[in-house]
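Chain and residue survey
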Amino acid sequence: MTDRETPTADDLETTVRREREAYEPDGEQPIAGYLAAMAVYLGSTGAFAALARRTGRPLPQPGPWDVLLTAGAVHRLSRLLTKDPVTSPLRLPFARFRGQAGPGELTEEVRGRGARRAVGELITCPFCTGLWAATGLTAASVLAPGATRLVCSGLTALTAADLLHFVRAGLQKAVE
């Protein structure tokens, strides 16, 4: 192909395949699934922004306490979704049970290929799910600030209670 020729679909496909193989020769990473997840995330945030703009919702001005409250809520919500035994039916199509991971948490192994694997990685990883939880709670704070603050308060209280459980267990162990 010369500089004056327009690249064809075949040229693009060849380039993408070559770059994909150079990135990860074994082909284990579900790159297309990751792209789909990114598209869903960007599409969702774009749709939310359009909705917020169309309805004239003012953007909140979060202070330090709001950030701390949301951080506690995101932490607990992401652990609840990705590790809690009660939410394991949500992860069932994408993961395989491996055992207990500690108090009230499970260890699971991602299964499948392509988009199924990408979703599995997303919903078994609290760090990955945390981004989606933070985005959802941030969007909710624009649409329903009072209800969102209430939910964040409850989730943050649960985070603090979990911490106190671990402190108490540690102190109990130290005394024995």
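Structure: see above.
Residues numbered from 1 in each chain as written. Predicted model: local features only at pLDDT ≥ 70, side-chain atom pairs only at ≥ 80, totals over all residues. Heavy atoms only, no water.

**Comments concerning the overall build of the protein chain**
- The secondary structure content of the protein chain amounts to seven helices and two strands.
- For the protein chain, the sequential pattern of α-helices and β-strands runs α-α-α-α-β-β-α-α-α.
- Radius of gyration (C-alpha) of the protein chain: 21 Å, far over the 16 Å computed for a compact globule of 176 residues.
- Expressed as a percentage of the 176 residues in the protein chain, the buried residues total 23%.
- Pairs at least 24 apart in sequence give 53% of the contacts found in the protein chain among residues at least 6 apart.
- Only carbon and sulfur atoms are counted for the fraction: they give 65% of the accessible area of the protein chain, which is about 12,300 Å².
- One way to put it: in the protein chain the 20 positive side-chain charges average out to a point 9 Å from where the 18 negative ones average out. (Helix = DSSP H or I, 4+ residues; strand = E, 2+ residues; numbered from the N terminus. Rg over C-alpha atoms; globule rule 2.2 N^0.38 Å. Buried < 20%, exposed > 50% of the residue type's maximum accessible area, 1.4 Å probe, protein only. Contact = heavy atoms within 4.5 Å. Areas by Shrake-Rupley, 256 points an atom, 1.4 Å probe, with all protein chains shown as cover. Lys, Arg positive; Asp, Glu negative; His and termini not counted. Charge placed at Lys NZ, Arg CZ, Asp CG, Glu CD.)

**Some remarks on the environment of V40**
- Within the secondary structure, V40 is located in helix α2 (residues 31–55).
- For V40, a relative accessible area of 48% corresponds to the partly exposed category.
- As a C-alpha pair, V40 and T87 span 47 residues in sequence and 22 Å in three-dimensional space.

**As for the packing of helix α3 (residues 64–83) against helix α5 (residues 114–124)**
- Relative to each other, α3 and α5 sit at 130 degrees, their axes nearing to 7 Å. Put simply, α3 runs oblique to α5. In this structure, α3 uses L81, T82 and K83 to contact α5, whose residues at the interface are L122, I123 and T124.
- The residue inventory of the contact of α3 with α5, partitioned by class, reads three nonpolar, two polar and one charged. (Axes fitted to C-alpha atoms, helices over the stretch in contact; angles between N-to-C directions. Parallel < 35°, antiparallel > 145°, perpendicular 65-115°, else oblique. Nonpolar A, V, L, I, M, F, W, Y, C, P; charged D, E, K, R; others polar.)

All quantities given are derived from atomic positions and should not be read as evidence of function.
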